[in-house]
Each structure stands twice: as structure tokens, then as C-alpha cells.
Amino acid sequence: MEISQVGELLKNAKRLVVLTGAGMSKESGIPTFRETQKAEEPPGDGADLAALWANYDPQKLATPEGFLVDPTLVWRWYEWRRQMVLKVEPNAGHVALAKLEKYIEDVLIVTQNVDGLHARAGSRNIVELHGSITSHFCFANAHKAETVPFDLPEPPECFCGSPIRPAVVWFGEALPQNAMEQATRASESCDLMLVVGTSALVWPAASLPYIAKQNKAKIIEINPESTPLSDITDYALKGTAAAILPRLLECF
Ligand code: OAD
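Residue numbers run consecutively from 1 along every chain, following the written order of its sequence. Given that the model is predicted, a residue must reach a pLDDT of at least 70 before its local features are reported, and side-chain atom pairs must reach 80 or more before they are shown or counted; all residues, however, enter totals for whole chains, interfaces and linings. Only hydrogens and water are removed before side-chain values are computed, so all heavy atoms of the structure are retained for them.

Each cavity reported here is a set of points on a 1 Å grid over the protein atoms alone in which a 1.4 Å probe fits but cannot get out, each pocket an open set with protein on both sides within 12 Å along at least five of seven lines, and each lining residue one with an atom within 4 Å of a point. Grid points are joined across faces, edges and corners, and a volume is the space filled by probe spheres set on the points. Applying the stated criterion across every chain yields a total of one cavity of 30 Å³ or more. For the largest cavity, the calculated volume is near 60 Å³. If you trace the largest cavity, you find it lined by Trp-75, Tyr-78, Glu-79, Arg-82, Ile-133, His-136, Phe-150 and Pro-166. By the criteria applied, helices consist of DSSP H or I runs no shorter than four residues and strands consist of E runs no shorter than two, each listed in order from the N terminus. Among the secondary structure elements, those contributing two or more residues to the lining of the largest cavity are helix 7 (71-87) and strand 4 (131-138).

Dropping the structure here:
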């Protein structure tokens, strides 16, 4: 059966890359992006921040242009999300991935998530392709802003006069160069890639499994749904991260 076959692949793996997306954190209680875009009506001015999530409008909330139009709204929304993330715990899937490091020499987690849950579960080698919700830099010059309190009502100013923003990658922005380079190198040299909980629609993150495949790595997808990637995978395990990953760990 597929789980034991994938378990064998894992047991033989020397260099593993795990690419994760929003589905990885779903069972921790964080809704995925595509789920949040099903609502039709954008929120009015008086909508609270939770309603903004339910009606997630990337243009307003996750672009540099949106931040320039309403920096306070974007600042407050990210602070609300940070609070949401602080209240939840890594799930059994995050924990299983962290434990894999005991058995496989070289494990790199490449995540599109900004929630920090892999680190909280104990994974040590993590590349955050889309940044992190728990740090900041300034909008104009990317000066690091390590000591800024989060709970301010509006974005404070950097010493250079530019507003401080969350250190996440917004639509239309380049990924942090080091992060993408490290993820690409690891994808070129891994022998196995697990792709967990991503719709594989957002590039360049979605290019990584294709790079791994070109370099002869086996590709395993864990997702309750099919994705554009499913066709190139060696195994597509239909199920959730918190259900499947602990079962794979049991194969060791
Ligand atoms: P998406 O919301 O696009 O996709 C989530 C994927 O997780 C879907 O394929 C679901 O079927 C799957 N899924 C749902 N529940 C799951 C579970 N419990 N276990 C495993 N899989 C599950 O999220 P991403 O692919 O991460 O970018 O989206 C990529 C990027 O698009 C995000 O990082 C963000 C977004 O807009 C930026 O903010 C730049």
C-alpha cells in the first residue's frame, strides 16, 4: 500500500526537501488562502479584521500598493493574524516533520507559510520563502526593524522616515534572494521531495518540485485535493498533513 511504499522511500532518503503551503497549517486552525477567497463581497470600511480575512482581498492587504493606500489597515490586519498564529499550536504534521530530522541526515523545510509553526514544532533547517509574520522592515529601504512593538495602532516610522511594514512577501514582490537560492540549490540536489498542503499555483515556489523532478528526485504530494503538480508526482497521497505525516513517521 502507498503509505508503506512512501515510507520505504523516506527510509532510503539522504537529502529530503519538504515544500509546505497553507494546507500544512490548516489543522492548527489557520484557514488556507484559497478558502478565504471564496466570499464574493469585499468588506466595507467598517468591517472588522476577522471579516477582512473571510473576504481576503490580496490587492488591499498583500501588495505594496495596498499598503501605500492604507498602511494602518494592513498593519492592523497583520497584527491580528500574528495574534491568531500565537494562539494556535503546531499540529501532528509539523511535529512529524520535525521528528524526521532524527532519521534523515539532511532535511530542509521550504515553506510558503509565514506563521513560524515549523520552528515551533522543532524543525531546525527552515527556509521561509514568503517571509515571516513575526518580524518587520521598513517599506522604502528594507532597513531591519527588530525592536518595533507589534501592538501599535498604526505603523511606526523607521529612522529613515519610511513606514515599518511586516516582513512578508507581498504579491508583485520578489522573494528574498537568499531564501530562493537556498531552496533552489536544495531542490537540485535532493533525492526526495515531499510537497505538503500547497495548491502549487504560486510561482516561483511552485517551480521547486519541477526542478527536483528534473534532477531525478522522487516527488511525493500530500494533499486532500489534486493540484497541477499531481501529474508529475511519484505518489500523491490523498489526505491531510496531520493524518498522513505521522503515519509516514511510523514506517521508521
Ligand atoms: P493555498 O491556499 O493556495 O492552497 C492550500 C492547499 O492546501 C490546497 O491545495 C488544499 O487542497 C490543501 N489542503 C487543505 N487542507 C489541507 C490539509 N489539512 N493538509 C494538507 N493539505 C491541505 O495555499 P498555498 O499553496 O500555500 O502567497 O498558497 C501559496 C501562496 O499563495 C501563499 O504563500 C500566499 C498565497 O496567496 C503570498 O502571500 C505571497
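What follows picks up the thread again.
Attention now goes to the packing of aromatic side chains. What describes a pair of aromatic rings is the distance from one ring centre to the other and the angle between the planes of the rings. Between rings of Phe, Tyr and Trp, where Trp is taken as its six-membered ring, a pair exists when centres lie within 6.5 Å; planes separated by under 30 degrees are stacked, by over 60 edge-to-face, and by other angles tilted. Enumeration according to the criterion identifies six aromatic pairs in this entry. Measuring from ring centre to ring centre gives 5.1 Å for Trp-77 and Tyr-78, while their planes differ by 85 degrees; the resulting arrangement is edge-to-face. With a 1.4 Å probe rolled over the protein chains alone, any residue whose accessible area is under 20% of its type maximum counts as buried; one over 50% counts as exposed, and the rest are partly exposed. Given the relative accessible area of 7%, Tyr-78 is considered buried. Seen in terms of ring centroids, Tyr-103 and Phe-252 are 4.6 Å apart; in terms of plane orientation they differ by 20 degrees. Their pairing is stacked. Taken together, the residues Tyr-103 in the loop between helix 8 (92-100) and strand 2 (106-111) and Phe-252 in the segment after helix 12 (241-249) connect sequence positions 149 residues apart. Across from the ring centre of Phe-150, 3.6 Å away, lies the NZ or CZ of Arg-82, which sits over that ring. Throughout this description, the term charge over a ring refers to an Arg CZ or Lys NZ atom that lies within 6 Å of the ring centre and within 35 degrees of the ring normal. We note Arg-165 situated over the ring of Trp-170; from NZ or CZ to the ring centre the distance is 3.8 Å.

Further remarks concern the sheet that holds strand 7 (residues 218-222). Two strands are said to pair when DSSP picks up at least two bridges between them. Spatially, six strands are ordered 3-2-1-6-7-8 in an open sheet, and the strand pairing comes out parallel. Two strands in the sheet have a free side with no partner beyond their single neighbour: strand 3 (126-128) and strand 8 (235-237). Neighbour-to-neighbour, the strand axes of this sheet turn through a mean angle of 15 degrees, independent of strand direction. By the bridge criterion, five bridges tie strand 6 (residues 192-196) to strand 7 in an arrangement that is parallel. In the strand pairing of strand 7, Leu-192 is matched with Lys-218. Whether two residues touch is decided by their heavy atoms; if any such pair falls within 4.5 Å, the residues are in contact. Axes, fitted as lines to C-alpha atoms, cover a helix only where it is in contact. Angles between the N-to-C directions of the axes lie from 0 to 180 degrees. Here helix 12 sits on the sheet in contact with strand 6, strand 7 and strand 8, set at roughly 135 degrees to strand 7.

With that out of the way, let us pick up helix 10 (residues 177-189). In this model, helix 10 (13 residues) spans 19 Å end to end at C-alpha, consistent with the 18 Å of a helix rising 1.5 Å per residue. Looking at helix 10, one finds that the buried residues are Ala-179, Met-180, Ala-183, Thr-184, Ala-186 and Ser-187. In a view along the axis of helix 10, the buried residues occupy a sector of 165 degrees, so they form one face of it. In this structure, helix 10 carries Gln-177, Asn-178 and Arg-185 as exposed residues pointing more than 90 degrees from its buried face. In this analysis, the expected span of each helix is defined as 1.5 Å times one less than the number of residues it contains. The reported arc concerns the directions from the helix axis to the C-beta atoms and nothing else.

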